[in-house]
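Letter by letter, the chains look like this.
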Amino acid sequence: MAIIISHSALINDSTTDSQDGISYDALWETLLRKAEYPIDYVAQISECRIVERYPDGFLREAVFFGKDTVRERVTPRRDRWRIDFEVLDDPRFTAVINELDQDPEGRFRYTVSVVLSERSAKRITEVEGLLAETDAGVLETARQTAETLRKVTLDTTAA
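Please read all numbers here as calculations on a predicted model, not as lab measurements.

Trainee: How do you make sense of the layout of surface pockets when you look at a structure like this?
Mentor: Where empty space is left can be seen by rolling a probe of water-molecule size over the atoms. One number sums up the size of the largest pocket: a volume of about 1,000 Å³. Around the largest pocket sit 37 residues that line it, and Gln-44, Phe-64, Phe-65, Phe-93 and Val-114 are the ones nearest its centre. Of all the secondary structure elements, the ones that give two or more residues to the lining of the largest pocket are strand E3 (57-64), strand E4 (68-77), strand E5 (82-87), strand E6 (93-102), strand E7 (108-116), helix H3 (118-126) and helix H4 (130-158). Take the lining of the largest pocket: its biggest share by element is nine residues, from H4. The residue inventory of the lining of the largest pocket, partitioned by class, reads 19 nonpolar, nine polar and nine charged.

Following this line, the structure appears as structure tokens:
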């Protein structure tokens, strides 16, 4: 059984941000920096290093919560506005996907999708409240990341 938890959050409001430097190219560069140097973007990551680079991405080791080292194969897909994180050795997740899109009003949106391992999917359906707790955590991650992407992108384009 596979469970995917996915949430989106708006990055900008087209009525106030259109002249502020929020663009797809600027957001993409920020999202790429987040993948390579996540410590400034993801509160749960205390350390991260790129172990190896490939023509289509890189392998990174990230330390979560100061103790859990997780290896991830990171594949940026600019043509699809997404970055895939294949989780190689974490018993809880098999993948994380970061995506950007834009609505007809010109607002950019960030979406994070978490693919749970079979073991986690089974556990999350058996333990009361765990699905709601995990879902709330992914929602909060989407909101915080969208806000950080907006702030860093605006700061970078203003510099």
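So much for the structure itself; the text now carries on.
Trainee: When you look at the sheet that holds E6 in this model, what are you seeing that I'm missing?
Mentor: Sheet strands associate in pairs through backbone hydrogen bonding, adopting either a parallel or an antiparallel arrangement. Read across the sheet, seven strands follow the order E1-E7-E6-E5-E4-E3-E2 without closing on themselves; strand pairing throughout is antiparallel. Two strands bound the open sheet, and with one partner strand each, they are strand E1 (4-10) and strand E2 (45-54). Adjacent strand axes in the sheet meet at a mean angle of 20°, parallel and antiparallel pairs treated alike.

Trainee: Help me understand the pairing of E4 in this model?
Mentor: Note on strand geometry: in a regular strand, side chains alternate between the two faces of the sheet. Strand direction decides the pairing type here: E3 and E4, joined by seven bridges, are antiparallel. By the bridge assignment for E4, Phe-58 is matched with Val-74. Counting the residues that bridge the hairpin from E3 to E4 gives three residues, and of these Phe-65 lies at a positive phi of roughly 55°. Examined bridge by bridge, E4 and E5 share six bridges and lie antiparallel to one another. The residue of E5 that forms the bridge with Pro-76 is Ile-83. Here E4 folds back onto E5, and the loop between the two strands holds four residues, one of which, Trp-81, carries a positive phi near 60°.

Trainee: Would you mind showing me how to read the packing of helix H2 (residues 24-36) against H4 here?
Mentor: A pair of packed helices can be characterised by two numbers: the angle between their axes and the separation between those axes. The contact between H2 and H4 brings their axes to 9 Å, and the two run at 115°. Crossing angle aside, the handedness with which H2 passes H4 is right-handed. Mapping the contact onto sequence places Ala-26, Leu-27, Thr-30, Leu-31, Arg-33 and Lys-34 in H2 and Thr-145, Leu-149, Val-152, Thr-153, Thr-156 and Thr-157 in H4. By residue class, the composition of the contact of H2 with H4 is five nonpolar, five polar and two charged.

Trainee: When you look at H2 in this model, what are you seeing that I'm missing?
Mentor: In an α-helix, one turn spans 3.6 residues, which is why side chains three or four residues apart end up on the same side. The end-to-end C-alpha distance of H2, which contains 13 residues, comes to 18 Å, matching closely the 18 Å that a straight helix rising 1.5 Å per residue would cover. Here H2 lies mainly inside the structure; ten of its 13 residues are buried. Of all the residues in H2, the buried ones are Tyr-24, Ala-26, Leu-27, Trp-28, Thr-30, Leu-31, Leu-32, Lys-34, Ala-35 and Glu-36.

Trainee: I keep staring at the pattern of salt bridges and nothing clicks. Help me out?
Mentor: Any two side chains of opposite charge can pair, given that their charged atoms come close. Taken as a whole and judged by the stated rule, the model has 15 salt bridges. We note a salt bridge from Glu-72 to Arg-60, for which the minimum N-O separation is 2.6 Å. Taken as a pair, Glu-72 in strand E4 and Arg-60 in strand E3 lie far apart in primary sequence, twelve residues in all. In this structure, Glu-72 and Arg-60 share a single accessibility class: buried. Close ionic contact of Lys-151 with Asp-155 constitutes a salt bridge, the shortest N to O distance being 2.9 Å.

Trainee: Help me understand the side chain of His-7 in this model?
Mentor: The residue His-7 is located in strand E1 in this model. At 2.8 Å, the side chain of His-7 forms a polar contact with the side chain of Asp-135. Residues within four places of His-7 in sequence aside, it is in contact with Tyr-110, Thr-111, Val-112, Asp-135, Val-138, Leu-139 and Ala-142.

What counts as what
Residues numbered from 1 in each chain as written. Predicted model: local features only at pLDDT ≥ 70, side-chain atom pairs only at ≥ 80, totals over all residues. Heavy atoms only, no water. 1 Å grid on protein atoms, 1.4 Å probe; cavity = no way out; pocket = protein on both sides within 12 Å on 5 of 7 lines; lining within 4 Å. Points joined across faces, edges and corners; volume = space filled by probe spheres on them. Helix = DSSP H or I, 4+ residues; strand = E, 2+ residues; numbered from the N terminus. Nonpolar A, V, L, I, M, F, W, Y, C, P; charged D, E, K, R; others polar. Pairing = 2+ DSSP bridges. Axes fitted to C-alpha atoms, helices over the stretch in contact; angles between N-to-C directions. Left-handed = near helix turned anticlockwise from the far one by under 90°. Contact = heavy atoms within 4.5 Å. Expected span 1.5 Å × (residues − 1). Buried < 20%, exposed > 50% of the residue type's maximum accessible area, 1.4 Å probe, protein only. Salt bridge = Lys/Arg side-chain N within 4 Å of Asp/Glu carboxyl O. Polar contact = N/O pair within 3.5 Å; in protein donor to acceptor, adjacent residues only side chain to side chain.

Everything listed here is a matter of geometry and, on its own, says nothing about what the molecule does.
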